[in-house]
Amino acid sequence: MRFLDFDLQDRDLDSAASELLGGTKSDKKYFVLTLNALIVYEYLHNRDYHEALKRVNYVVPDGSGVLKAVKLLNKKKVSRVPGIDLMLTLCKLASIGSERIYLLGSQIDTVTKTIRKLKERYPGLNIVGSHNGFFDESESDTIVSEINNSRADILFVGMGVPKQELWITKNLDRLNVGVLMGVGGSFDVISGNLNRAPVWMQKIGLEWLYRTVQEPRKRLRLIPKLAKFELHILKSYFCLRRGGSG
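Scoring rules and cut-offs
- Residues numbered from 1 in each chain as written.
- Predicted model: local features only at pLDDT ≥ 70, side-chain atom pairs only at ≥ 80, totals over all residues.
- Heavy atoms only, no water.
- Helix = DSSP H or I, 4+ residues; strand = E, 2+ residues; numbered from the N terminus.
- Rg over C-alpha atoms; globule rule 2.2 N^0.38 Å.
- Buried < 20%, exposed > 50% of the residue type's maximum accessible area, 1.4 Å probe, protein only.
- Contact = heavy atoms within 4.5 Å.
- Axes fitted to C-alpha atoms, helices over the stretch in contact; angles between N-to-C directions.
- Parallel < 35°, antiparallel > 145°, perpendicular 65-115°, else oblique.
- Nonpolar A, V, L, I, M, F, W, Y, C, P; charged D, E, K, R; others polar.
- Polar contact = N/O pair within 3.5 Å; in protein donor to acceptor, adjacent residues only side chain to side chain.

Draft legend 1. Layout of the overall build of the protein chain. Secondary structure assignment for the protein chain yields 13 helices and 8 strands. Its C-alpha atoms give the protein chain a radius of gyration of 18 Å, within 12% of the compact-globule value 18 Å for 246 residues. For the protein chain, the spread of C-alpha atoms along the three principal axes comes to 55 × 40 × 35 Å. In the protein chain, which comprises 246 residues, the proportion classed as buried is 48%. Taking the intrachain contacts of the protein chain between residues at least 6 apart in sequence as the baseline, contacts between residues at least 24 apart amount to 76%.

The following block contains the structure:
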């Protein structure tokens, strides 16, 4: 399904994870994007990011703002596939199928705790390597070599938007990994450094509010960007009603 400039997968969480994992058993390479309002904003206002996302080939709807926008513009209700849940489901399936995982991003202690929590949750999960997300560009070659030498099937990059997708795109052709996915702050939640919103808040689209309460200085800065996303969606809607283009 086409949404704005993205080919959006209309799948539920389990079917998306199964399809992606199936790709690791073939020669397919999936660059996964869990689309939310912030990503759309950066795509519209950051030329480098705009170009980078042209390499993405598997897009699922994540944020509640995107779900509402799809319903408004495409007249269709789609299933939400939260990035952190997709990551966890891939880890669950990998622990059964023996696919290898590599984690890149966040602080060293956070990554270490994330690995421990994932292995506790999914016994048998094969995490073959990790690296923190605070490194100079000059270190990228070494990190790419380390990932390839680990023979990882799945790479989770938790460096935030837009940095994580820019890094994946720049190194995409050199990374011998079947599934590459930016996961934002998922390491912080899985490690226990941050709490995830209660399920009832997730269901009614208020997860962003819960995050803002936990990280007010970081999240409040995003509000103007989210407002511009809403304005863009409204503009696209009225253009469609007039028979124009968004």
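Draft legend 2. The arrangement of the packing of helix α4 (residues 64-74) against helix α13 (residues 223-241) in detail. In contact at an axis separation of 10 Å, α4 and α13 are set at 10° when each is read in the N-to-C sense. The angle between the axes of α4 and α13 places the two elements in the roughly parallel class. Mapping the contact onto sequence places Gly-65, Val-66, Ala-69, Leu-72 and Leu-73 in α4 and Phe-229, Ile-233, Ser-236, Tyr-237 and Leu-240 in α13. A breakdown of the residues in the contact of α4 with α13 according to their chemical character gives 8 nonpolar, 2 polar and no charged.

Draft legend 3. Just the packing of helix α2 (residues 37-45) against α13, in detail. Running from N to C, α2 and α13 cross one another at 80°; their axes reach a closest spacing of 9 Å. As far as their axial angle goes, α13 and α2 are roughly perpendicular. Note on element contacts: α13 touches α2 through Lys-225, Leu-226, Lys-228, Phe-229 and His-232, opposite Ala-37, Leu-38, Val-40, Tyr-41, Glu-42 and Leu-44.

Draft legend 4. Just α2, in detail. For α2, a buried count of 7 out of 9 residues is recorded, marking the element as mostly surrounded by other parts of the structure. If you check which residues of α2 are buried, you get Ala-37, Leu-38, Ile-39, Val-40, Tyr-41, Glu-42 and Tyr-43. Tucked inside the fold, the buried residues of α2 contact β2 (6-7), β3 (30-35), α3 (47-52), α4 and α13. Measuring from the backbone nitrogen of Leu-38 back to the side-chain oxygen at the start of α2 gives 3.2 Å, which picks out Asn-36 as the cap.

Shape descriptors only; they carry no functional weight alone.
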